[in-house]
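So you can see what is in the structure, the chains are spelled out below.
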Amino acid sequence: MSKEKLILVNQLCAHYQVEVSLFSELHDFGIIEILTIEDSYFIHEDKISVVEKVVRMQKDLNINLEGIDTVLNLLDKINDLQTELDAVKNRLQLYED
Amino acid sequence: MAFIDYYKILGIEKKSTQEDIKKTYRKLARKYHPDLNPNDKESEKKFKEINEANEVLSNTENRKKYDKYGKDWKHADEFDKAQQQRQQSHGSYQDQSSSNFSESEYSDFFESMFSGGRNRGGNVKFKGQDFNAELQLDLKDVYETHKRTLTINGKNIRLTIPAGVRNGQVIRIKTQGGEGLNGGPKGDLILKFSIANHTKFKRDKDNLYANVDIDLFKAILGGEITINTFKGKVKLIVKPETQSGTKVKLKGKGFPVYKKEGEFGNLYITYNVELPTKLNEKEKELFNELAKLRSK
């Protein structure tokens, strides 16, 4: 994995004003993957949007990590279902007219 | 600025306690939070409204001012000052509070909530709002990769639309959304494609389907036909004794595969055999003769 696309966890903690422990918990929950390179912890930049979602859900809604994990799983399911629904709608057009 | 009934927005009474407000706000926030309702503009609007109501009503001082001065609550200090001066000079006072609640447009209190200005919770930097847009294209447009300029919130964005995008497909274009909060990065543009099909082809993923009429004689005796495809005209050999409903596959003559240059789906042709109508006497005679021959 290219190091260019990795972001230092400590930087993120300062940026979002959260504890490092949040990242290790997110890692334990399987929400993000923490990579260790030369004794430093990183996450992939693609996971930033997930981290922000988690921070917002914690700050705005007081949801604990178990709840956030459940919400994220359900949102993934909704997204998959929406994709499937779009595909079915497109296929249905084959039989319309 | 029009008056907003914050109590009505939260669905609580004027005498509600701070605990009631907190509880109601949490409940509504969980229901309408944009992270829990992606791509739902109504929820986002509602969330802004309940946030605004909560910001005012959960703060005891602001709530007092709001209860007293209604729509002018932000100018409460100025009113109080003016009142004191008036009392000193005239000894009388007109109550400025208002109870004329009206259904009106959302105020600009949280205008910047999702566009970069407001600071939620200290100096935390947040990514800007993701903009959602729908791009309507014709099926013919997406047969080939092309460039297009979109105007989103008054800003022109030049995009390359890859060949083969599907109806309903959503793509995320990084940093083309709203400004970040407290110096956070810009949001993304989430673009949904709505693809109208005005062609004779039906599309399912990368495959195309079309019905082609052939006359009875070509169906029975076989022959050659020419059909139009997205790639141009294609000659097809019709086998003798082709039945109506027969399907043929034209490999690689379908739709381009998204982001796989040079790869195409297939084109499936279904033959529809057209029976002759308005037969003349001679033709009827010949068909009768044929029928007799077939029945022997």
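The structure under discussion appears in the preceding block.
So, a few notes on the structure that sits alongside this text. (Residues numbered from 1 in each chain as written. Chains lettered and ligands numbered in written order. Predicted model: local features only at pLDDT ≥ 70, side-chain atom pairs only at ≥ 80, totals over all residues. Heavy atoms only, no water.)

## A short note on the interface of chain A and chain B
Tallying the contact residues gives 24 residues for chain A and 26 residues for chain B. At the boundary of chain A with chain B, total buried surface from both sides reaches about 2,200 Å², with 49% on carbon and sulfur atoms. For the chain A face of the interface with chain B, the top three residues by lost area are Asp60(A), Leu61(A) and Leu94(A), together amounting to 26%. Taken together, chain A and chain B are joined by three salt bridges. Viewed at the interface, chain B and chain A are joined by five residue pairs in polar contact (both at pLDDT 80 or more). At the level of elements, helix H1 (9–16), helix H3 (48–61) and helix H4 (65–92) of chain A are the ones that each hand at least two residues to the side of chain A that touches chain B. Among the elements that make up the side of chain A that touches chain B, the one with the highest residue count is H3(A) (nine residues). In terms of residue class, the side of chain A that touches chain B is built from seven nonpolar, seven polar and 10 charged. (Contact = heavy atoms within 4.5 Å. Buried area = accessible area lost by both parts, 1.4 Å probe. Salt bridge = Lys/Arg side-chain N within 4 Å of Asp/Glu carboxyl O. Polar contact = N/O pair within 3.5 Å; in protein donor to acceptor, adjacent residues only side chain to side chain. Helix = DSSP H or I, 4+ residues; strand = E, 2+ residues; numbered from the N terminus. Nonpolar A, V, L, I, M, F, W, Y, C, P; charged D, E, K, R; others polar.)

## As for unusual backbone geometry
One non-glycine residue with positive phi stands out, namely Asp39(A), at about 65°. In this fold, Asp39(A) is placed in the loop between strand E2 (35–37) and strand E3 (40–44). We note that Glu241(B) has phi near 60°; this positive angle belongs to a residue other than glycine. Take Glu241(B): its relative accessible area is 64%, and that puts it in the exposed class. (Buried < 20%, exposed > 50% of the residue type's maximum accessible area, 1.4 Å probe, protein only.)

## Some details on the pattern of salt bridges
Taken as a whole and judged by the stated rule, the model has 12 salt bridges over all chains. The closest approach of N and O atoms between Asp204(B) and Arg91(A), which form a salt bridge, is 2.8 Å. Of this pair, Asp204(B) sits in strand E6 (residues 202–204) while Arg91(A) is found in helix H4, placing the two residues in two different chains. Arg148(B) serves as the salt-bridge partner of Asp141(B), at 3.7 Å between the closest nitrogen and oxygen. Its relative accessible area of 26% is what places Arg148(B) among the partly exposed residues. Among the ionic contacts, a cluster of salt bridges with common partners joins Asp130(B), Arg172(B) and Asp188(B).

## Let's talk about helix H3 (residues 41–57) of chain B
The terminal C-alpha atoms of H3(B), which comprises 17 residues, lie 24 Å apart, in line with the 24 Å expected from a rise of 1.5 Å per residue. For H3(B), the buried fraction is high: 12 of the 17 residues fall into the buried class. Burial in H3(B) covers these residues: Ser43(B), Glu44(B), Phe47(B), Lys48(B), Glu49(B), Ile50(B), Asn51(B), Glu52(B), Ala53(B), Asn54(B), Val56(B) and Leu57(B). Packing partners of the buried residues in H3(B) comprise H3 of chain A together with helix H1 (6–10), helix H2 (18–32) and helix H4 (60–69) of chain B. Taking the backbone nitrogen of Glu42(B) as reference, a side-chain oxygen 3.2 Å away marks Asp40(B) as the first, capping residue of H3(B). (Expected span 1.5 Å × (residues − 1).)

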